[in-house]
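Below, each chain spelled out in residue letters.
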Protein chains: 2
Amino acid sequence: MVIDFEPISMEVIKDAHSRIKPFIKRTPIMSSNILNQWLGHEVFFKAETLQTTGAFKIRGALNTLLSLKEQGKLPKQVVAFSSGNHAQAVAYAATLLGVPATIFLPEFASKIKQQATARYGAKVINTKSRQEAEARTLELSREGAYAIHPYDNDLVIAGQGTASYEAFQDVAGVNAIFTPCGGGGLTCGAYLTAQLLSPKTKVFGCEPLMANDATRSYQTGNIVKLADTPKTIADGVRTLAVSERTFYYLKKLNGFIEATEDEIVYWTQWLSHLLKITVEPTSALAMACGYKWLAEQNTKQRVLVLLTGGNIDPETERLIWQNDWLQKVPVKLLSLL
Amino acid sequence: MVIDFEPISMEVIKDAHSRIKPFIKRTPIMSSNILNQWLGHEVFFKAETLQTTGAFKIRGALNTLLSLKEQGKLPKQVVAFSSGNHAQAVAYAATLLGVPATIFLPEFASKIKQQATARYGAKVINTKSRQEAEARTLELSREGAYAIHPYDNDLVIAGQGTASYEAFQDVAGVNAIFTPCGGGGLTCGAYLTAQLLSPKTKVFGCEPLMANDATRSYQTGNIVKLADTPKTIADGVRTLAVSERTFYYLKKLNGFIEATEDEIVYWTQWLSHLLKITVEPTSALAMACGYKWLAEQNTKQRVLVLLTGGNIDPETERLIWQNDWLQKVPVKLLSLL
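Residues numbered from 1 in each chain as written. Chains lettered and ligands numbered in written order. Predicted model: local features only at pLDDT ≥ 70, side-chain atom pairs only at ≥ 80, totals over all residues. Heavy atoms only, no water.

A.B. asks: Please give an account of the pattern of salt bridges that cites residues and values.
C.D. replies: Residues and elements named next belong to chain B. Counted according to the given criterion, the structure contains 22 salt bridges over all chains. For the salt bridge of R19 with E70, the shortest nitrogen-to-oxygen distance reads 2.8 Å. Taken together, the residues R19 in helix α1 (residues 11–20) and E70 in helix α3 (residues 58–70) connect sequence positions 51 residues apart. A relative accessible area of 56% means that E70 is categorised as exposed. Close ionic contact of E132 with R136 constitutes a salt bridge, the shortest N to O distance being 3.6 Å. (Salt bridge = Lys/Arg side-chain N within 4 Å of Asp/Glu carboxyl O. Helix = DSSP H or I, 4+ residues; strand = E, 2+ residues; numbered from the N terminus. Buried < 20%, exposed > 50% of the residue type's maximum accessible area, 1.4 Å probe, protein only.)

A.B. asks: Describe in detail the relation of the copies chain B and chain A, supporting the description with residues and values.
C.D. replies: The transform that puts chain B on chain A rotates by 180° and translates by 0.0 Å along the axis, for an RMSD of 0.0 Å. In short, the pair behaves as if placed about a two-fold rotation axis. Considering only C-alpha atoms, the residue of chain B closest to the rotation axis is I277 of chain B, which sits at 2.0 Å. A shared binding surface is used by both copies, with 100% of the interface residues of chain B retained as interface residues in chain A. (Least-squares fit on C-alpha atoms with pLDDT ≥ 70 in both. Contact = heavy atoms within 4.5 Å.)

A.B. asks: Can you lay out the packing of helix α4 (residues 85–96) of chain B against helix α5 (residues 111–119) of chain B for me, pointing to particular residues and giving the numbers?
C.D. replies: Residues and elements named next belong to chain B. In the contact formed by α4 and α5, the axes pass within 8 Å of each other and the chain directions differ by 10°. The angle between α4 and α5 places the two elements in the roughly parallel class. Only K113, A116 and T117 of α5 make contact with α4, whose side of the interface consists of N85, A87, Q88 and A91. Class assignment for the residues of the contact of α4 with α5 results in three nonpolar, three polar and one charged. (Axes fitted to C-alpha atoms, helices over the stretch in contact; angles between N-to-C directions. Parallel < 35°, antiparallel > 145°, perpendicular 65-115°, else oblique. Nonpolar A, V, L, I, M, F, W, Y, C, P; charged D, E, K, R; others polar.)

A.B. asks: Quick rundown of the interface of chain B and chain A? Include the residues and the values.
C.D. replies: Tallying the contact residues gives 29 residues for chain B and 29 residues for chain A. Of the roughly 2,400 Å² buried between chain B and chain A, counting both surfaces, carbon and sulfur atoms make up 57%. On the chain B side of the interface with chain A, the three residues burying the most area are R119, K276 and W321 of chain B, jointly 28% of the side's total. Applying the counting rule to chain B against chain A returns zero salt bridges. Summed over the shared surface of chain B and chain A, the number is 12 residue pairs in polar contact (both at pLDDT 80 or more). When contributions to the side of chain B that touches chain A are tallied by element, the ones reaching two or more residues are α2 (33–39), α5, α11 (261–275) and α13 (314–320) of chain B. When residues in the side of chain B that touches chain A are grouped by element, the largest group, five residues, is from α11 of chain B. Along the lines of polarity and charge, the residues of the side of chain B that touches chain A split into 11 nonpolar, 12 polar and six charged. (Buried area = accessible area lost by both parts, 1.4 Å probe. Polar contact = N/O pair within 3.5 Å; in protein donor to acceptor, adjacent residues only side chain to side chain.)

A.B. asks: Can you explain the side chain of T102 of chain B? Please cite residues and give values.
C.D. replies: Its location among the elements puts T102 of chain B in strand β4 (residues 101–106). With residues up to four places along the chain from it excluded, the contact list for T102 of chain B reads Q77, V78, V79, A80, K123, I125 and L140 of chain B.

A.B. asks: Please provide a residue-by-residue account of the sheet that holds strand β1 (residues 29–30) of chain A, values included.
C.D. replies: Residues and elements named next belong to chain A. Strand order in the open sheet formed by six strands is β1-β2-β10-β7-β8-β9, and the pairing between neighbours is mixed. Looking at the sheet topology across the chains shown, the edges are occupied by β1 and β9 (255–259). Relative to strand β8 (residues 202–208), strand β7 (residues 176–180) runs parallel, the two sharing five bridges. Residue pairing across strands places I177 opposite V203, the latter belonging to β8. (Pairing = 2+ DSSP bridges.)

A.B. asks: Which residues make up the sheet that holds strand β6 (residues 146–147) of chain B, and what values go with them?
C.D. replies: Residue and element names in this part refer to chain B. With respect to topology, four strands assemble into an open sheet ordered β5-β4-β3-β6, the strand pairing being parallel. Among the strands making up the open sheet, the edge pair consists of β5 (123–127) and β6. Pairing geometry for strand β3 (residues 78–81) and β6, over two bridges, is parallel. Its bridge partner being in β6, V79 is matched across the sheet by A147.

A.B. asks: Please provide a residue-by-residue account of the packing of aromatic side chains, values included.
C.D. replies: Under the defined criterion, the tally for this structure stands at 22 aromatic pairs over all chains. Ring centres of W38 of chain B and W270 of chain B lie 5.4 Å apart, and the angle between their planes is 85°; on these two criteria the pair is classed as edge-to-face. Taken together, the positions of W38 of chain B in helix α2 and W270 of chain B in helix α11 put the pair 232 residues apart, joining distant regions of the chain. Members of the aromatic cluster, joined through ring pairs, are W38, Y266, W267, W270, Y291 and W325 of chain A. (Phe/Tyr/Trp six-rings, centres within 6.5 Å; stacked < 30°, edge-to-face > 60°.)

A.B. asks: Mind laying out the side chain of D313 of chain B, listing which residues take part and the relevant values?
C.D. replies: Residues and elements named next belong to chain B. Secondary-structure assignment places D313 in the loop between β10 (302–307) and α13. The class for D313 is buried, based on a relative accessible area of 8%. In this structure, D313 is in contact with S110, K111 and I112, ignoring residues within four places of it in sequence.

A.B. asks: So what's going on with the pairing of strand β2 (residues 42–47) of chain A? Residues and values would help.
C.D. replies: Residue and element names in this part refer to chain A. Burial analysis of β2 places five of its six residues in the buried class, which makes it a mostly covered element. Sheet topology note: the β1/β2 ladder contains two bridges and is antiparallel. Residue I29 lies in a different strand from β2, and its bridge partner there is K46. Examined bridge by bridge, β2 and strand β10 (residues 302–307) share six bridges and lie parallel to one another.

No statement about biological role is implied by the geometric values presented.
Encoded structure:
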C-alpha cells in the first residue's frame, strides 16, 4: 500500500487543542461509584455529550477552519456530507467564522440533527443516499467550496484527538481507552494522543457487530467496505469504510471489539440512568465494548470511555426504551479486594 | 386556622446550607442559547438532576439527620414513605450517618427508584397504596423510629430551600422562579430563600392540571385533598395534599400555574434535547409553567427553573417518547430587540 500523506506528528494535536480551546467546552470527566463497585474496575467517562453542538465533532470542524484561517486560506464556502453530528459541527464552525456552509444530508438522517444543522446557519440539502450526499459534496468542492471530510482529513483527525488529549490530562494511569469507530477520526486521534501523553494505554476501536467493517479491515489488513448503510442503532458509526488515512493508524491499535445491538441499547439505558446525561447509542457502544474487555481482566483496571454525543431522535428514543434493561444490573466482574 | 409551629426564620436555610454543603454537589446552572433566542427571555436551570441520588431530595434528608446529630439526637432508626426520590435520599443520608433506614414504598413507585433505594442501603417494604405506606411509617415511628416526612418537617423544608439558595447566589436579578409543587417542601424553600436573597423575585408553584390540589388550595384558601393518587406523568408531584405547615408559606406565593400532560411531555423532550441531561417530567413541569408565565410578559424576563431530578423508569421513558414533540419548535414569545 502506498501512502500519499505525511503521518500526523503528535505535536499537531497539542497545537489543535491550543487553537480550538477558546471556542469549545472543557467537558467533564464523569464516573459512577456504583458502577465501579459493580465492575470492580474504575471507569472514567469523557462527556462530549455536553460539548457545543452536543458532540465531539465540533473539535475537528473548528480545527480545520481555524487552521485554514491561520494560513490565510479561509475558504469562501464550505461543504460537507454527514448523517448527523459532523453536519452540525461544520454548520456551527462555519457560522462562527462567517463562512457560508452547505450540508448534504441523507434523508434517513435523524430529524433533530437536520433541524439543528439548519439552525446553526447551514444550507441543508437532503439526498436519497449517503453515496449521493458524498457525490454532490465532491461536485460542489470541484466548483471551489472547501469540503470538510468527516474523517479523511488530518486537521479533522487532530481536532478529534483533542477530546482524548483533555481526558488523558484529567485522568492519569489509564490502562485502556475505548472509542467508537465510524470513519476512524476519533479513534486515530485517541491513538495519537495516547502516544503523546500516555504511551502505556491500550487503544481500542469499538464497532457494532452489524457494522464491523473496521474490525474486519483490522483483522485482514485490507480495508473492507460495507455494501449498504448498516442499520445499527449506533447511527454515528454507520460509515461504510475507513479511509487509507485513518487505516494507517487504526492498524496500529491494540484491537477492535464488537458489540451486539442489545448490548448497545443495554448500556445506553444504564449510562443515561447512572450518569444522568443524554447518551447516544454510539457512545454506549464504547462502554459495551469496554465492558467486554474488562470482563477478561484479572486485575483492577482503570479505563477511559469516550462518550461522543447526546443527539437522539424521538424515534431512536422509542427503540432504546422498548425493553427494560434496567431490571438487569451489570454483572460483577471483579470482586473488590 | 391555628398554626402549632414556629415559622422558619430565613437564616435557617443559610445554616442548612453550611451544614449539608460538604456532602452534596454544587449543581450547575445551565442555559440554552437557542432556547433563549426562541423565547426572547433568559431562562436559567438549576440542574438538581446532577445531584447525589439524582434529585434535590438529598438536601432535606441530610439537613434533618445532620441537625439531629448536632443536637445529640441522632435516631437509632429512621423510617420514611415516598414514591421515589425522597426514599433514595433518606436511604443515602441514613447510610452516610450509619443509621438503619426502613422505607415504605407504594408498589406503583418507579422500579429504578425502588432498586436505588435498596442499593443505598435501606430496607425497602412495598405497600399496596400511598395511604398504607403512610400508615405503616406512622406505626414504626410510634415504636421509636424517627420518621422523615417528605415535606411536613421544618428541617426538610430548610434543606430543600438550599437548592434555590445556591441558584440565587449564582444568578442575580431573577424576575421569577418556578418550582414543581408536590407536598410543597421545595416550593416553600424557594419562597423563604427568595425572601432572604432576592425579595423582588416572584415565586410560583407548578402543578399538573390533573394533580392540582395545591392550586385549588391556594385559590380557595383551604387545603384541598385529592381522593386518589393522580395519574400524572410527573410522578414527583402525585402527593394528595400539602400540609398545614407548607400551606402556611404556599399561601404567600405569587401564584400557582398548571400544565397539561402534553405540555409536561413536550418540555421533557425539549429540555433533554437542549440541555443533554436527564430531565424528569416533574422537572419539565416547572418549565412548562414558566413558559406559560413568560408568554404573558411584555418585557424581557430572567427566570429560574428548578430541575428537580433525573430518575426515570424505562416505562415512563416510553410514555415520554411516544410522540415526536421535537418537530414542534417552541413558539417565539418575545422578539429580541
